[in-house]
Amino acid sequence: MSSTVTSPPPAPLTTAPTLRRRLACLTYEAVLLFGIVMIAGLLYGILLGQRHALQGRVGLGAFIVVILAWYFVWCWTRSGQTLPMQTWRIRLEGRDGRLPGRGRALLRFVTAWVWVIPGLALAHVLGVAGNGWAVFGSVTGWIVGYASLALLRRDRQFWHDAVCGTRLVTVPPAAQPKH
């Protein structure tokens, strides 16, 4: 009788999703966040009896940032994925392959503002902050430029992920049921 030795299944590959998939996921995330921000703004206005859009503007901004931080930290520490990340089969994990803890997820949330703030600052410096389309172009141009910087890294990860000790990986498609 011969004994068959079975080797363990190979470890899943931890390849970075393509830049195109990550930017598509970011676009979907922006649409979803629009709804979250609108609901948060409505809730803030109702709770504080806000009568004018400029009334309590700083408090509203802080409230929205807290809501967004809660959303991302909760999703990343629970499953490593937001809804758009699930759709595009992208997961956030630490360099060790585990889900990030709250501290690391919060650090990533803070450093991920690098996607938006420099583009807004550029619009301000260029003196076009009052022109919605110019601000949109400035932010979009910055996002494309920042995303392209990942191509300079061997692992194709974003620079803020390198700082945080996190990475985005491709989630293999679920096994299709046999009919």
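So, a few notes on the structure that sits alongside this text. (Residues numbered from 1 in each chain as written. Predicted model: local features only at pLDDT ≥ 70, side-chain atom pairs only at ≥ 80, totals over all residues. Heavy atoms only, no water.)

Evaluated as defined, the whole model comprises 11 aromatic pairs. Centroid distance W115 to F158: 4.9 Å. Interplanar angle 85 degrees. Geometry classified as edge-to-face. Separated by 43 residues along the polypeptide, W115 in the loop between helix 4 (102-111) and helix 5 (117-125) and F158 in the loop between helix 6 (132-148) and helix 7 (159-164) bring together distant segments of the chain. Here W115 matches F158 in class, with each residue buried. Summarising the aromatic geometry, the rings of W142 and Y146 are spaced 6.1 Å apart at their centres and angled 25 degrees between planes, so their arrangement reads as stacked. Linking W142 with Y146, this pair stays in helix 6, spanning 4 residues, or about one helical turn. Of the residues examined, W142 reaches a relative accessible area of 29% and is grouped as partly exposed. An aromatic cluster is built from Y71, F72, W76, F109 and W113, whose rings are joined through pairwise contacts. One Lys or Arg, R22, reaches over the ring of F158 and ends 4.4 Å from the middle of that ring. For R153, the ring lying beneath its charged end belongs to W159, and the centroid distance is 5.0 Å. (Phe/Tyr/Trp six-rings, centres within 6.5 Å; stacked < 30°, edge-to-face > 60°. Helix = DSSP H or I, 4+ residues; strand = E, 2+ residues; numbered from the N terminus. Buried < 20%, exposed > 50% of the residue type's maximum accessible area, 1.4 Å probe, protein only. Lys NZ or Arg CZ within 6 Å of the ring centre and 35° of its normal.)

Quick look at the environment of T140 now. On the secondary structure map, T140 appears in helix 6. Classification of T140 as partly exposed rests on a relative accessible area of 34%. Separated by 21 residues in the primary sequence, T140 and G119 have C-alpha atoms spaced 7.4 Å apart.

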